[in-house]
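Geometric and topological summary
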Amino acid sequence: MTKRALFIEHDYVSLGGPVWRAFKKRGYEIERFLIVPKDKYHTPNVVVEFPDFNKFDVIVPMGAPYGAYEDERIGNWLLPEITKLRDAHNAGIPILGICFGGQVMARALGGSVARSPKAELGWYEIESDDPTLISKGPWFEYHWDRWQNPPGAKEIARSAIATQAFVMGRTLGLQFHPEIDPEVLEEWLAMDGGCAEVESEGVNVEELRARTKAEARASELRADELVGNFLDRVATTTVVKSA
């Protein structure tokens, strides 16, 4: 029977890049669920009907330009998503949360999310307690927020600014973006205000493009390895429920 992976896309530019390809290599059928379409980008508090998470073998909540704590701005879908993801985690469905998705999982499992003292934007090496699970990278960062780990979670990796990965049962939360490649980056930069957002942090857009192109081959391999580690070691471990 075909294995199914649900990618929850919180905005219209959440391409999966190397992460999609890694799941497909492992025999997964990718199903994409978009929450905020392009025409609602500036009014994102939409109401959606989520698919039945129990029908999927893996769930991958992706990134977003919103804060995982902005209940007034996006609560119509964020709060139901948090509840449904907590229920899926407690039911033993493996979850790989990426950036905003990792923050949502931290909150869903009892942690918290808040604004970071500064942004991380670009390619960074991280400190990893288990490089066989999460390598030091470099990984692509694109965030202004950070989480506090849930009770019972094990922090795996960090930077000077934020936790970069935690494991709790069959959930792996990531702060960085293993899905980045030149195509994905161009989609992000083409968003309304994308280039200006990058430049506002003192990052040169052309240098970011060049570095992303130079990293493409190696980052593809790192993403493939990370997804394999998640599927082999996290997705198959003992279920640890959240209160």
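Here, every reference points to the structure presented above.
Presented here is a report on the structure given in the accompanying data block. Just so it is clear, the structure is predicted and the values come from calculations on it, not from any experiment. (Residues numbered from 1 in each chain as written. Predicted model: local features only at pLDDT ≥ 70, side-chain atom pairs only at ≥ 80, totals over all residues. Heavy atoms only, no water.)

1. Some points on the overall build of the protein chain
Helix and strand counts for the protein chain stand at six helices and ten strands. A compact globule built from 243 residues would reach a C-alpha radius of gyration of about 18 Å, and the protein chain, at 16 Å, matches this within 12%. Projecting the C-alpha coordinates of the protein chain onto the three principal axes gives extents of approximately 45 × 40 × 35 Å. Within the span of the protein chain, comprising 243 residues, buried residues form 56% of the whole. Put simply, of all contacts in the protein chain between residues at least 6 apart along the chain, 73% involve residues at least 24 apart. In the structure as shown, the protein chain presents an accessible area of about 10,600 Å², 48% of it carried by carbon and sulfur atoms. Charged side chains of the protein chain number 28 positive and 37 negative; the gap between the two group centres comes to 4 Å. (Helix = DSSP H or I, 4+ residues; strand = E, 2+ residues; numbered from the N terminus. Rg over C-alpha atoms; globule rule 2.2 N^0.38 Å. Buried < 20%, exposed > 50% of the residue type's maximum accessible area, 1.4 Å probe, protein only. Contact = heavy atoms within 4.5 Å. Areas by Shrake-Rupley, 256 points an atom, 1.4 Å probe, with all protein chains shown as cover. Lys, Arg positive; Asp, Glu negative; His and termini not counted. Charge placed at Lys NZ, Arg CZ, Asp CG, Glu CD.)

2. Re the nonpolar core
Most often, soluble globular proteins keep nonpolar side chains buried together rather than apart. Within the largest apolar cluster, 80 residues are counted, with the highest numbers of intra-cluster contacts made by F23, W77, I134 and L172. Of the residues forming this core, the biggest block, seven residues, is contributed by helix α6 (residues 205–234). Each residue touching W77, except ones within four places of it in the same chain, is listed here: H10, I35, V36, P44, N45, V46, V48, F50, Y66 and F100. (Core = buried A, V, L, I, M, F, W, Y, C linked by side-chain atoms within 4.5 Å.)

3. Observations regarding the packing of helix α2 (residues 71–90) against helix α3 (residues 100–108)
In a packed pair of helices, the relevant descriptors are the angle between the two axes and the axis-to-axis distance. Contact geometry of α2 with α3 gives a least axis separation of 9 Å together with a crossing angle of 70 degrees. In terms of their interaxial angle, α2 and α3 are classed as roughly perpendicular. Regarding α2 and α3, the two cross each other, and that crossing is right-handed. Of α3, the residues touching α2 (which contributes D71, I74, W77, L78, L79, I82, L85, R86 and H89) are F100, V104, M105, R107 and A108. (Axes fitted to C-alpha atoms, helices over the stretch in contact; angles between N-to-C directions. Parallel < 35°, antiparallel > 145°, perpendicular 65-115°, else oblique. Left-handed = near helix turned anticlockwise from the far one by under 90°.)

4. With respect to helix α4 (residues 182–190)
Within the sequence span of α4, burial applies to V184, L185, W188 and L189. The buried residues of α4 occupy an angular sector of 135 degrees when projected down its axis, which confines them to one face. Residues of α4 that are exposed and angled more than 90 degrees away from the buried face: E183 and A190. Sitting at the head of α4, D181 places a side-chain oxygen 3.1 Å from the backbone nitrogen of E183. (Arc of directions from axis to C-beta. Polar contact = N/O pair within 3.5 Å; in protein donor to acceptor, adjacent residues only side chain to side chain.)

5. Focus: empty space enclosed by the protein
Taken as a whole, this structure holds one cavity of 30 Å³ or more when the rule is applied. Approximately 30 Å³ is the volume found for the largest cavity. Taken together, L133, I134, S135, W139, R222, E225, L226 and N229 make up the lining of the largest cavity. For the lining of the largest cavity, the leading source of residues is α6, giving four residues. Taken together, the residues that form the lining of the largest cavity break down as four nonpolar, two polar and two charged. (1 Å grid on protein atoms, 1.4 Å probe; cavity = no way out; pocket = protein on both sides within 12 Å on 5 of 7 lines; lining within 4 Å. Points joined across faces, edges and corners; volume = space filled by probe spheres on them. Nonpolar A, V, L, I, M, F, W, Y, C, P; charged D, E, K, R; others polar.)

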